[in-house]
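Inside the fold
Spelled out from the first residue to the last, the chains are:
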Amino acid sequence: MARITASVYTSHVPAIGAAIDLKKTGEAYWQPLFKGYEYSKQWMKENTPDVIFLVYNDHATAFSLDMIPTFAIGTAAEFAPADEGWGPRPVPKVIGHPELASHIAQSVIQDDFDLTIVNKMDVDHGLTVPLSLMCGEPEAWPCAVIPFAVNVVQYPVPSGRRCFQLGQAIRRAVASYDDDLKVQIWGTGGMSHQLQGARAGLINAEWDNRFLDRLIDDPAGLSEMPHIDYVREAGSEGIELVMWLIARGAMADIDGGPRPTVKHRFFHVPASNTAVGHLILENN
């Protein structure tokens, strides 16, 4: 049967993608950030899965204020990089896994979660920047990717508890798939940042690191954190961190298995005007 082997957590700051594409990774400003992902790229080469289930938020490219699904799963065979106003990123197209995606949709919907099934969409920096950070600049991404878009842009957005429960449903769905596949689940977005208003530029490194601590050691308790805490402590865009709870909820220890191994932890400020957090957890 298929199994989730690891979860990966990372920010998806668009300026990181621009730094990669414009060959600025060696500049003094960017070098410390990319150094924090050197281990991750090697780990990814040594632990390449068959499929990545990648949780991210769309930034008004595939969806707009005309239609905003709370949870949307991409079931297409491939997904093109989106044009976000300055042309698509020069990265490979994303190859999907329609069979597993459709199975997960069937299982999760029957498990009482309402998903929007998307058979055609482009994917923006929320998805491609994490792939670049973990995989470098290959001619093709090393495995299939299932995009899973979460609305954390327009309120109301899903609660941390709901995201955590959804991760558990995704783990059950993967485990019920007959093919012997290694699957990683990635939670992306965050950490603390605010892009507008009187608090634009807010970064709360102390709160971010407490969040990482709790994500590792107390994910169930962390999932009960109310939205207002994210907004007050981590800024208006800090709410993206609820997506990390989907990935954490899919790990084996949440269902009575052994604790995961922390393979890598990294935190850096700032990247553009955002705090960058990163974790790799392996199932045991």
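Higher on the page you've got the structure.
Structure report, in brief. A quick note: this is a predicted structure, and the numbers were derived from the prediction, not measured.

Focus: the environment of Q42
Secondary-structure assignment places Q42 in helix 3 (residues 38-46). Q42 sits 92 residues away from M134 along the chain, and the two C-alpha atoms are 8.4 Å apart.

Observations concerning the pairing of strand 1 (residues 3-10)
Most of strand 1 is tucked away, with six of its eight residues classed as buried. As judged from the seven bridges shared by strand 1 and strand 8 (residues 182-188), these two strands associate in the parallel manner. When the sheet's bridge partners are listed, I4 is paired in strand 8 with V183. In terms of strand pairing, strand 1 meets strand 10 (residues 274-282) through five bridges, oriented antiparallel. Bridge pairing links T10 to H278 in strand 10.

Remarks on the sheet that holds strand 6 (residues 116-118)
Pairing is mixed across the open sheet formed by eight strands, whose spatial order is 6-3-7-2-8-1-10-9. Both outer strands of the open sheet, strand 6 and strand 9 (261-271), are each paired with one neighbouring strand and no more. Geometrically, the sheet is characterised by an average inter-axis angle of 20 degrees between neighbouring strands, direction not taken into account. Note: strand 9 against strand 10, eight bridges, orientation antiparallel. Bridge pairing links R265 to L279 in strand 10. With respect to the sheet, helix 3 is in contact with strand 1, strand 2 (51-56), strand 8, strand 9 and strand 10, its orientation differing from that of strand 10 by roughly 35 degrees.

About the thresholds
- Residues numbered from 1 in each chain as written.
- Predicted model: local features only at pLDDT ≥ 70, side-chain atom pairs only at ≥ 80, totals over all residues.
- Heavy atoms only, no water.
- Helix = DSSP H or I, 4+ residues; strand = E, 2+ residues; numbered from the N terminus.
- Buried < 20%, exposed > 50% of the residue type's maximum accessible area, 1.4 Å probe, protein only.
- Pairing = 2+ DSSP bridges.
- Axes fitted to C-alpha atoms, helices over the stretch in contact; angles between N-to-C directions.
- Contact = heavy atoms within 4.5 Å.

By themselves, these figures tell us nothing about what the structure is for.
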